Amino acid sequence: MEISVIGTGYVGLVSGTCFAQMGNTITCVDIDETKIERLKQGIVPIYEPGLEEMVLSNYSKKTLDFTTDVQKAIENSKIVFIAVGTPMGNDGSADLQYVLAVAESIGRYMNSYMTVVDKSTVPVGTAEKVRAAIQAELDARNSDLVFDVVSNPEFLKEGAAIDDFMKPDRVVIGADNEKAMGVMHDLYAPFMKSHDRFIGMDIKSAEMTKYAANAMLATKISFMNEISNICERVGADVNRVRHGIGSDSRIGYGFIYPGCGYGGSCFPKDVQALVKTSNDFGYTPRILDAVEQVNYEQKKVVSSKVVKRFGEDLSGKVFAVWGLAFKPETDDMREASSITIINELTLRGAKIVAYDPKARHEAENFYLKENKNVAYVESKYAALKDADALILITEWQEFRSPDFNEIAKLLKTPIFFDGRNQFKKERMQELGFEYYQIGV
C-alpha cells in the first residue's frame, strides 16, 4: 500500500518504519527540513531500541522515504496517517492546531478516495473536526471526492515500541463504515498472522480507549505511590505489600511499583486532557484529579528525603544522580521526575553530577539547560567521586547490579537515596550504606 505518515515524531517515525518493514511504501512527512535531511542521512532523532537499524534498512530498500513536500506525499497516497503532536494547553486540553492543519492539507491536495487515520492521541470528537476540516477544503475546490476518517490510537511503550508495533497485543480501530474498517484490517493483517487482535468499534469509543488505557495505568501508579506513603507513616514495607497484592491475579504486578512518579509524553498529558474533557461535559472526575495530584506530590518525595537528611540549606553539597530519562530504554525527558528532583535540590544550593546512558543531550540542551548547577559525566561511577550521596532516579539495567564497594569508596559518605526501590534495604545496610527508599 502507498501510505503517508505526517509527523516524524515518536509515533509517526515508529509507525511509518514498521509499516515499511512489512513491505508497504511509506513516505514520512515533516515540516522540519533539518530533521528530514538528517533522517535521509540515517540520523534518527530519538532513541528507541531497534529503530535506527530498521530505518536504515528500509530507506536503503526505498520502502521508506522522508520529505517536506506534503502535497506530493498526499497526492501519491491512498492512506494518510496524522501523527503530529498534540501538546498540552494551559488548561490541560490537547492542542489540535497541528492535527487540523494536516486535515486542511489533506482536503487541499487529495485526488482520489482516501482513508485518513488519526494516529495522534486526540480527545473524543476529534475525528468529527478532522472530517469537517477536510470537507471544508474540498468544498472550496468544488470537489466531490469522498474520504473516510478512522481512529487508530497507538499503544506503544517507549523502550519497546518496535516489538509493540510488530507484535501488537491489540489493534484498535474506530470507523463508521465497513469499507474503512476493511482497509484498516487489510493494512494490519500482516502484523497478526498468529492471532487476530483486531478490535473494531465506533470512532468515539476508539478515541476514548486510548485515554482510558493511559488513565488506568497512571491510576495504578499513583495508587501504589499513595500506599507507599501510608506504609512509610505506619511502619509497613511497601515492597512486601506489593508482593502481597500483586499475587492476586485480579491485580497483577504490572504498574504497581512504588517510585518517584510517572512522566513521559503520554500519562501526564492524557490524564489532564481526560480531566479537561470530563469538565467540559459537566462531569468532575474525582479519581483522575487525585491521580494527577498524587503524582505531582510524588515527584518531590525524593528531594524531601534529601532535605530531611541534610537540611534545608544544601549549599556546598554535591549529589550524584543516576538516571534522567522518565523511564529506561529511552532518551525522553518529558515530565521526568528527574527534572523536579534536580531543580528542588539546586534551588537549595546543591550541585548535581548526573549520568544517564541516553538522555544527557536532552537534559543539557533542553530540560535542564538553564540550570547551571548540573554537570554531566560519561559513566555512572564518574558521577560519584566525592559526592555527599547517590540518588537513583531511572532504573536502567546498568544500575541493577553495580559494584557497591566502588560506590562506597567513591562517595564522600555511603548514603544512597533509591527513588525506584531497586535494592533490599537489609542488604544495603549490611553493606554499610545509609539507605533510603520509597515507602519503607
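For the structure itself, look to the data block above.
Note that residues are indexed from 1 along each chain, following the sequence as it is written. Local features in this predicted model are restricted to residues whose pLDDT is 70 or higher, and side-chain atom pairs enter the listing and the counts only when it is 80 or higher, whereas totals over whole chains, interfaces and linings include all residues. Values shown for side chains rest on all heavy atoms present in the structure; no hydrogens or waters enter the calculation.

Let's talk about the packing of aromatic side chains
So, step 1. Only Phe, Tyr and Trp rings take part, Trp by its six-membered ring, and two of them pair if their centres are within 6.5 Å. Stacked means planes under 30 degrees apart, edge-to-face means over 60, and tilted covers everything else. Summed over all chains, the structure comprises 21 aromatic pairs.
So, step 2. Ring geometry for Phe-19 and Phe-191: centres 5.8 Å apart, planes at 80 degrees, overall edge-to-face. Highlighted residues: Phe-19 in helix H1 (residues 10–21) and Phe-191 in the loop between helix H8 (178–188) and strand S8 (198–201), separated in sequence by 172 residues.
So, step 3. Whether a residue is buried, partly exposed or exposed follows from its accessible area with a 1.4 Å probe, protein chains only, as a fraction of its type maximum: under 20%, in between, or over 50%, in that order. Note on Phe-19: relative accessible area 0%, which makes it buried.
So, step 4. Considering the side-chain rings of Phe-165 and Tyr-188, the 6.3 Å spacing of their centres and the 35 degrees angle between planes classify their relative orientation as tilted. Taken together, the positions of Phe-165 in helix H7 (residues 161–166) and Tyr-188 in helix H8 put the pair 23 residues apart, joining distant regions of the chain. This pair shows no difference in class: Phe-165 is buried, exactly as Tyr-188 is.
So, step 5. Ring pairing ties together the aromatic residues Phe-19, Phe-81, Phe-165, Tyr-188 and Phe-191, which thus form one cluster.
So, step 6. The rule for a charge over a ring is simple: NZ of Lys or CZ of Arg within 6 Å of the ring centre, and within 35 degrees of the ring normal. The ring of Tyr-109 carries the charged tip of Arg-108 above its face, separated from the ring centre by 5.9 Å.
So, step 7. Sitting above the plane of the Phe-310 ring, Arg-309 keeps its charged end 4.8 Å from the centroid. Under the scheme used here, helices are H or I runs from DSSP no shorter than 4 residues and strands are E runs no shorter than 2 residues, and both carry numbers assigned from the N terminus.

A closer look at empty space enclosed by the protein
So, step 1. Method remark: on a 1 Å grid restricted to protein atoms, a set of points is classed as a cavity if a 1.4 Å probe fits but cannot get out and as a pocket if it is open with protein on both sides within 12 Å along at least five of seven lines; lining residues have an atom within 4 Å of a point. Grid points are joined across faces, edges and corners, and a volume is the space filled by probe spheres set on the points. Scanning the model with the defined rule gives 1 cavity of 30 Å³ or more in all.
So, step 2. Looking at the largest cavity, its volume works out to about 50 Å³.
So, step 3. Considering the residues around the largest cavity, the lining is formed by Asp-118, Ser-120, Thr-121, Val-122, Ser-151, Asn-152, Pro-153, Glu-207 and Lys-210.

With respect to the sheet that holds strand S12 (residues 389–392)
So, step 1. Taking strand neighbours across the sheet as the criterion, the 6 strands line up as S11-S10-S9-S12-S13-S14 in an open arrangement whose pairing is parallel. Only two strands of the sheet have a single partner each, and these edge strands are strand S11 (374–376) and strand S14 (434–436). Pairs of neighbouring strands in the sheet enclose a mean axial angle of 20 degrees, with direction left out of account.
So, step 2. By the bridge criterion, 3 bridges tie strand S13 (residues 415–418) to S14 in an arrangement that is parallel. Directly across from Phe-417, in S14, lies its bridge partner Tyr-436.
So, step 3. Sheet contacts for helix H13 (residues 301–310): strand S9 (318–322), S12, S13 and S14; angle to S13, the most-contacted strand, approximately 155 degrees.
So, step 4. Its contacts with the sheet put helix H14 (residues 337–346) on S9, strand S10 (351–355), S11 and S12, and the angle it makes with S10 is roughly 155 degrees. Should DSSP find at least two bridges between two strands, the strands are regarded as paired. With axes taken as lines fitted to C-alpha atoms, and helix axes fitted only over the stretch in contact, angles between N-to-C directions fall between 0 and 180 degrees. Should any heavy atoms of two residues lie within 4.5 Å, those residues are considered in contact.

What to know about the state of the cysteines
So, step 1. Any two cysteine sulfur atoms lying within 2.5 Å of each other are counted as a disulfide. Scanning the entire structure with this criterion turns up 0 disulfides.
So, step 2. You can see Cys-18 has no disulfide; the closest cysteine sulfur is in Cys-28, sitting 11 Å from it.
So, step 3. Judged by its relative accessible area of 0%, Cys-18 falls in the buried class.

Observations concerning unusual backbone geometry
So, step 1. Of note in this structure, Glu-335 is not a glycine but carries a positive phi near 60 degrees.
So, step 2. Along the chain, Glu-335 falls in the loop between S9 and H14.
So, step 3. On the basis of relative accessibility, which here comes to 37%, the residue Glu-335 falls in the partly exposed class.
So, step 4. We note that Asn-421 has phi near 50 degrees; this positive angle belongs to a residue other than glycine.
So, step 5. Along the polypeptide, Asn-421 turns up in the loop between S13 and helix H17 (425–430).

Considerations on the packing of H1 against helix H3 (residues 51–61)
Helix packing for two helices is described by the angle between their axes and how far apart those axes are.
So, step 1. One way to put it is that H1 packs onto H3 with a least axis distance of 10 Å and a crossing angle of 55 degrees. Considering their axes alone, H1 and H3 lie oblique with respect to each other. The way H1 lies across H3 gives a crossing that is left-handed. Where H1 approaches H3, its residues Leu-13, Val-14, Thr-17, Cys-18, Ala-20 and Gln-21 are matched on the opposing element by Leu-51, Met-54, Val-55 and Asn-58.
So, step 2. Under the convention adopted here, Pro, Cys and the residues Ala, Val, Leu, Ile, Met, Phe, Trp and Tyr are nonpolar, Asp, Glu, Lys and Arg are charged, and Gly plus all remaining residues are polar. Split into classes, the residues belonging to the contact of H1 with H3 amount to 7 nonpolar, 3 polar and no charged. Note that the term roughly parallel is reserved for angles under 35 degrees, roughly antiparallel for angles over 145, roughly perpendicular for angles of 65 to 115, and oblique for everything else. Note: crossing handedness is left-handed where the near helix turns anticlockwise from the far helix by less than a right angle, and right-handed where it turns clockwise.

Here's the deal with the nonpolar core
So, step 1. Here, nonpolar core refers to any group of buried Ala, Val, Leu, Ile, Met, Phe, Trp, Tyr and Cys residues whose side-chain atoms link them within 4.5 Å. By size, the foremost hydrophobic cluster in this structure holds 53 residues, and its most contacted members are Phe-319, Leu-324, Leu-345, Ile-391 and Phe-416.
So, step 2. Counting only elements with at least two residues in this core, the list comes to H13, S9, H14, S10, S11, S12, helix H16 (404–410) and S13.
So, step 3. It is H13 that provides the largest number of residues to this core, a total of 5 residues.
So, step 4. Excluding residues that lie within four positions of it along the chain, Leu-324 makes contacts with Met-333, Ala-336, Ser-338, Ile-342, Ala-354, Asp-356, Ala-359, Arg-360, Ala-363, Leu-368, Tyr-376 and Thr-394.
So, step 5. Of all hydrophobic cores here, the second largest spans 40 residues; its members include Val-14, Leu-39, Val-150 and Met-181.

Some details on the pattern of salt bridges
So, step 1. Here, a salt bridge means any Lys or Arg side-chain nitrogen found within 4 Å of an Asp or Glu carboxyl oxygen. Evaluation of the coordinates by the stated rule reveals 26 salt bridges.
So, step 2. Where Lys-210 meets Glu-154, a salt bridge forms, and the shortest distance between an N and an O atom there is 3.2 Å. On the criterion of sequence distance, the pair formed by Lys-210 in helix H9 (residues 203–234) and Glu-154 in the loop between strand S6 (147–151) and H7 is long-range, its members being 56 residues apart.
So, step 3. Given a relative accessible area of 5%, Glu-154 falls into the buried group.

A closer look at the environment of Glu-128
So, step 1. Considering the arrangement of structural elements, one finds Glu-128 in helix H6 (residues 126–140).
So, step 2. The spacing of Glu-128 and Gly-89 is 39 residues in sequence and 20 Å in space, taken between C-alpha atoms.

What about the side chain of Asn-421?
So, step 1. Its relative accessible area of 12% is what places Asn-421 among the buried residues.
So, step 2. Looking at Asn-421, its side chain comes within polar contact range of the side chain of Asn-239, at 3.1 Å.
So, step 3. Polar contacts, as counted here, are pairs of nitrogen or oxygen atoms within 3.5 Å of one another; within protein the pair requires one atom able to donate a hydrogen and one able to accept it, and residues that are adjacent in sequence qualify only if both atoms are side-chain atoms. In terms of polar contacts, Asn-421 uses its side chain to reach the backbone amide nitrogen of Ile-438, at 2.8 Å.
So, step 4. With sequence-adjacent residues up to four places away left out, Asn-421 is seen in contact with Val-238, Asn-239, Pro-258, Gln-437 and Ile-438.

Structural notes on the pairing of S6
Successive residues of a regular strand alternate their side chains across the two faces of the sheet.
So, step 1. With 5 of its 5 residues buried, S6 lies for the most part within the structure.
So, step 2. Every second residue of S6 is oriented toward a common face, with Phe-147, Val-149 and Ser-151 on one face and Asp-148 and Val-150 on the other, all of them buried.
So, step 3. Here strand S5 (residues 114–118) pairs with S6 via 5 bridges, running parallel. Bridging across to S6, Val-117 finds its partner in Val-150.
So, step 4. Handedness of the β-α-β unit built from S5, H6 and S6 comes out right-handed. Here is how to tell: hold the view so the strands point away, follow the path from the first strand over the helix to the second, and if it runs clockwise the crossover is right-handed.

Everything listed here is a matter of geometry and, on its own, says nothing about what the molecule does.
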